[in-house]
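Geometric and topological summary
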Amino acid sequence: MEEQEFQYYLGHLKWSMPENTQEEAVNYFSNKIEDKYISRLIQDTDKDTWGNSMKIISSLGKDRAIIAIQWLLFLLKDLNWPGANESIEVLKRFETDELIPFIDIVLDQADLEEDRMWIYGIKELISKLGIEQSVLSNKEVLKKAKA
């Protein structure tokens, strides 16, 4: 997959595109996306593509979805964003030990940005996954959560 091809299909993931165009792009990426492009489905896009981006990432399976873990956690900045709930579903596939280092990093970033909504999103993820807060190196940040 060349960069031009990636950009072409990326533009077709927008919710303003006809449904069949979106479906074609989702199917194309689900079958042909290379690892180097996976995180860019969220990183290089906006809210209008995240729902479709999550369909693609969900279809890739755990071993390839791990590439986008930091971006899956990024979507938790606002649980109302398209793709946020789907992100949680993909994150449920991982073992707690795999997620904790990423969660610690993202919690530090959310705290640095003073983003209490993002902290809340991470807290919701932790709750849904049954992760004990005590295993996090920065669990005190979770007290700053705001819905």
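Residues numbered from 1 in each chain as written. Predicted model: local features only at pLDDT ≥ 70, side-chain atom pairs only at ≥ 80, totals over all residues. Heavy atoms only, no water.

**With respect to the overall build of the chain**
The condition that has to hold: To qualify as a helix, a DSSP run of H or I must reach at least 4 residues; to qualify as a strand, a run of E must reach at least 2; elements of each kind are numbered from the N terminus. Think of it in three bands: with a 1.4 Å probe and only protein chains considered, a residue is buried below 20% of the maximum accessible area for its type, exposed above 50%, and partly exposed in between. Any two residues whose heavy atoms approach within 4.5 Å at even a single point are treated as in contact. Accessible surface is estimated by sampling points in the Shrake-Rupley manner with a 1.4 Å probe; for residues, cover comes only from the protein chains shown. Charged residues are defined here as Lys and Arg on the positive side and Asp and Glu on the negative side; His and the ends of the chain fall outside this count. Here the site of a charge means NZ on Lys, CZ on Arg, CG on Asp, or CD on Glu.
Looking only at helices and strands, the chain features ten helices and zero strands. Judged by the C-alpha coordinates and their principal axes, the chain covers about 45 × 30 × 25 Å. Of all 147 residues assigned to the chain, the portion counted as buried reaches 45%. Taking contacts inside the chain between residues at least 6 apart in sequence as the whole, the part at least 24 apart equals 62%. Element-wise, carbon and sulfur atoms account for 45% of the exposed surface of the chain, whose accessible area totals about 7,900 Å². Here the chain carries 18 positive and 27 negative side-chain charges, and the mean point of each set is 4 Å from the other.

**Thoughts on the nonpolar core**
Heads up, the condition is: Here, nonpolar core refers to any group of buried Ala, Val, Leu, Ile, Met, Phe, Trp, Tyr and Cys residues whose side-chain atoms link them within 4.5 Å.
Core analysis: the largest hydrophobic core is formed by 48 residues, its most contacted members being Phe29, Ile33, Leu41, Ile42, Ile57, Leu72 and Ile103. By residue number, the principal contributor to this core is helix 9 (residues 96-112), which donates six residues. The contacts of Ile103, once residues within four sequence positions are left out, are Leu73, Ile122, Leu125, Ile126, Ile131 and Leu136.

**So, the side chain of Thr49**
Mapped onto the elements of the fold, Thr49 is located in helix 5 (residues 47-60). Classification of Thr49 by relative accessible area gives buried; the value is 2%. Residues in contact with Thr49, not counting those within four places in the same chain, are Leu10, Leu13, Lys14 and Leu41.

**Let's talk about unusual backbone geometry**
For Glu114, which is not glycine, the phi torsion reads 55° and is therefore positive. Following the sequence through the fold, Glu114 ends up in the loop between helix 9 and helix 10 (116-129). Using a relative accessible area of 69% as the deciding quantity, one classes Glu114 as exposed.

**Thoughts on helix 8 (residues 84-91)**
Inclusion rule: Directions are taken from the helix axis to each C-beta atom, and the arc is the one they span.
Inspection of helix 8 places Ala84, Ser87, Ile88, Val90 and Leu91 among the buried residues, and these make up the whole buried set. Buried residues along helix 8 cover an arc of 160° about the axis, so they all sit on one side.

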